[in-house]
Amino acid sequence: MANSGQKVVLITGCSSGIGLRIAVTLARDEKKRYHVIATMRDLKKKEKLVEAAGDVFGKTLTLLPLDVCSDESVKTCIDSVKDRHIDILINNAGVGLLGPLESISIEEMKKVFETNFFGVVRMIKEVMPDMKKRRSGHIVVMSSVMGLQGVVFNDIYTASKFAMEGFCESMAVQLMKFNVRMSMIEPGPVHTEFETKMMDDVAKMEYPGADADTVRYFKDVYLPSSIDIFEAMGQTPEDIAKCTKKVIESSSPRFRNLTNSLYTPIVALKYADETGGLSVNTFYNLLFNFGPLMHITMSILKCLTCSCLRRRTISPN
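All residue numbers refer to position in the chain's written sequence, counted from 1. Under the rules for a predicted model, residues below a pLDDT of 70 receive no local features and side-chain atom pairs below 80 are neither given nor counted, while totals for whole chains, interfaces and linings still include all residues. The side-chain numbers reported here are obtained from all heavy atoms of the structure, hydrogens and water having been left aside.

### Re the overall build of the protein chain
Argument step 1. The way it works is that DSSP assigns letters per residue, a run of H or I at least four long becomes a helix, a run of E at least two long becomes a strand, and they are numbered from the N terminus. Across its full length, the protein chain holds 13 helices and seven strands.
Argument step 2. Only C-alpha atoms enter the radius of gyration, while the globule expectation follows 2.2 Å times N to the 0.38, with N the number of residues. The C-alpha radius of gyration of the protein chain comes to 20 Å, within 12% of the 20 Å expected for a compact globule of 317 residues.
Argument step 3. Split into buried and exposed, the 317 residues of the protein chain put 48% on the buried side.
Argument step 4. The contact definition used throughout considers only heavy atoms, calling two residues in contact when any of these lie within 4.5 Å. In the protein chain, 78% of the contacts between residues at least 6 apart in sequence involve partners at least 24 apart. Each residue gets one of three labels from its accessible area relative to the maximum for its type: buried under 20%, exposed over 50%, partly exposed in between, using a 1.4 Å probe on protein chains only.

### Side note on the UniProt feature "active site" (unreviewed entry) in the protein chain
Argument step 1. As annotated by UniProt and renumbered to match this structure, "active site" (unreviewed entry) occupies Y157.
Argument step 2. If you trace the backbone, Y157 turns up in helix α6 (residues 155-177).
Argument step 3. Apart from the residues lying within four places of it in its own chain, the contact partners of Y157 are V95, G96, L97, V112, N116, S144 and M146. UniProt positions are given in the numbering used here, feature names are shortened, and annotations may be inferred rather than shown by experiment.

### Observations regarding the pairing of strand β3 (residues 61-65)
Each regular strand shows side chains that alternate between the opposite faces of the sheet.
Argument step 1. Pairing geometry for strand β2 (residues 34-40) and β3, over five bridges, is parallel. By the bridge assignment for β3, M40 is matched with P65. For two strands to be treated as a pair, DSSP must find no fewer than two bridges joining them.

### Quick word on the confidence of the model for the protein chain
Argument step 1. The predictor's confidence in any single residue is recorded as pLDDT, a number from 0 to 100. Per-residue confidence for the protein chain gives a mean pLDDT of 90; residues scoring 70 or more make up 91%.
Argument step 2. Predicted confidence for residues 309-315 stays below pLDDT 50, and this span has 31 contacts to residues more than four positions away or in other chains.

### Examining the pattern of salt bridges
Argument step 1. In the sections that follow, a salt bridge refers to a side-chain nitrogen of Lys or Arg positioned within 4 Å of a carboxyl oxygen of Asp or Glu. If you walk through the whole model with that rule in mind, you get 18 salt bridges.
Argument step 2. Residue E249 pairs with R33 through a salt bridge whose shortest N-O separation is 2.9 Å. With a gap of 216 residues between them, E249 in helix α9 (residues 237-249) and R33 in the loop between α1 (17-27) and β2 connect regions that are remote in the sequence.
Argument step 3. Residues participating in the shared-partner salt-bridge network are K75, D79, R84, E126 and D130.

### Considerations on the sheet that holds β3
Argument step 1. Taken in spatial order, the seven strands of this open sheet run β3-β2-β1-β4-β5-β6-β7, and their pairing is parallel. Of all strands in the sheet, those bounded by a partner on one side alone are β3 and β7 (256-258). In this sheet, neighbouring strand axes are inclined to one another by 20° on average, regardless of whether the strands run parallel or antiparallel.
Argument step 2. Pairing between strand β4 (residues 88-91) and strand β5 (residues 137-142): four bridges, direction parallel. When the sheet's bridge partners are listed, I90 is paired in β5 with V140. In this analysis an axis means a line fitted to C-alpha atoms, helices contributing only their contacting stretch, and an angle means the value between N-to-C directions, from 0 to 180 degrees.

### Things to note about the packing of helix α10 (residues 264-272) against helix α11 (residues 277-289)
Argument step 1. Running from N to C, α10 and α11 point in directions that differ by 135°, and their axes come no closer than 6 Å. In terms of orientation, α10 and α11 fall into the oblique class. Where α10 abuts α11, its residues I266, L269, K270 and A272 lie against L278, S279, T282 and F283. Roughly parallel here means an angle under 35 degrees, roughly antiparallel means over 145, roughly perpendicular means 65 to 115, and every remaining angle is called oblique.

### What about empty space enclosed by the protein?
Argument step 1. Of the two site types, the cavity is a set of points on a 1 Å grid over the protein atoms alone where a 1.4 Å probe fits but cannot get out, and the pocket is an open set with protein on both sides within 12 Å along at least five of seven lines, each lined by residues with an atom within 4 Å of a point. Grid points are joined across faces, edges and corners, and a volume is the space filled by probe spheres set on the points. In this structure the tally under the stated criterion is one cavity of 30 Å³ or more.
Argument step 2. Estimates place the volume of the largest cavity at around 30 Å³.
Argument step 3. Surrounding the largest cavity, T12, V68, N91, N92, A93, T115, G119, V120 and M123 form its lining.
Argument step 4. When residue character is reported, Ala, Val, Leu, Ile, Met, Phe, Trp, Tyr, Cys and Pro are called nonpolar, Asp, Glu, Lys and Arg charged, and the others, Gly included, polar. For the lining of the largest cavity, the class distribution of residues is four nonpolar, five polar and no charged.

### Observations regarding the pairing of strand β6 (residues 180-186)
Argument step 1. Within β6, six of the seven residues are buried, which leaves it mostly tucked inside the rest of the structure.
Argument step 2. Think of it like this: strands point away, you trace from the first strand over the helix to the second, and a clockwise trace means the crossover is right-handed. Handedness of the β-α-β unit built from β5, α6 and β6 comes out right-handed.
Argument step 3. Both β6 and β7 contribute to a ladder of three bridges, which runs parallel. The residue bridging I185 from the neighbouring strand is N257, located in β7.

### Description of the packing of aromatic side chains
Here the distance between the centres and the angle between the planes together describe a pair of aromatic rings.
Argument step 1. Any Phe, Tyr or Trp ring, taking Trp's six-membered ring, that has another such ring centre within 6.5 Å forms a pair; planes under 30 degrees apart are called stacked, those over 60 apart edge-to-face, and the others tilted. Following the criterion strictly, the structure yields eight aromatic pairs and no others.
Argument step 2. Seen from their ring centres, Y284 and F288 are 5.2 Å apart, and the 45° between their planes marks the pair as tilted. In this pair, Y284 and F288 are both assigned in helix α11, four residues apart and thus about one turn of the helix distant.
Argument step 3. An aromatic cluster of at least three residues, connected via ring pairs, comprises F153, Y207, F218 and Y222.
Argument step 4. Lysine and arginine charges are scored as sitting over a ring when NZ or CZ, respectively, is within 6 Å of the ring centre and within 35 degrees of the ring normal. The ring of F178 carries K132 above its face, with NZ or CZ at 4.5 Å from the centroid.

Here's what the structure looks like:
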């Protein structure tokens with residue numbers, strides 16, 4: 001239970017990665033300003049969180065089961081919070097999907113949207129009415145650079161993030177009238193166990209339904225380039241947690257928050273040309289025509305750019 005003056009923060013998807021680090025970072029706040037309710041679908045996976053939390057577990061950090069894909073689970077979780085009072089909701093739960101479109105079933109696509117889009121909608125729909133009544137609250141959504149710029153072979157994941165960005169941009173206008181703030185956190189590549197395992201798995205998979213050329217482009221062109229980008233520009237979950245903490249502590253939090261300054265020019269390409277040709281042609285050439293040059297560039301960037309800059313987080317103020 002939160003102490004007087006503490007803000008109640010509910011975070012989804014805390015079994016590992018970004019969600020875990022955000023939960024622990026806020027729970028370990030030196031001024032003890034937060035009571036963190038960390039949630040996950042399967043409480044059997046709580047060991048990493050409990051270990052990382054250490055002596056704050058059971059004090060400034062508590063744990064609840066929550067499946068964002070279930071209306072009943074979402075309602076039960078929120079009802080179990082005292083007076084249903086949540087000051088800050090951080091929507092972090094998400095799943096990825098990578099590979100040639102022809103080899104992905106509609107059911108797999110729906111699962112991505114069920115978590116990445118409808119999961120966020122469920123949480124906001126359940127928490128928002130109480131925030132509006134109190135004329136106070138902050139809703140934070142873990143989006144992605146891929147919610148701003150499409151990335152080849154990430155078609156469905158990107159689509160789910162685009163949907164979320166559009167939904168939140170629309171909601172932000174209404175919520176402002178009720179003094180409820182909405183913020184998007186938009187990381188680029190982040191080094192997590194989930195990402196590493198996914199990369200390893202997709203490299204070994206077969207892709208029935210996709211033609212040989214497409215599979216070759218995916219495995220021999222896209223994946224190596226993606227690994228180069230991760231190594232040169234990737235951030236850590238700790239970086240994203242620090243960024244998120246800055247956003248919720250800002251007196252005037254921004255709506256969109258890119259966590260990696262190196263991605264700003266990439267996103268800017270899209271808005272520099274209203275026809276869309278500049279960004280589409282640039283990414284095509286980088287991937288298919290200048291692959292070796294891109295590899296060299298990423299290697300140089302990795303060597304020359306200090307970790308301080310590569311992992312630079314935003315300054316909301």
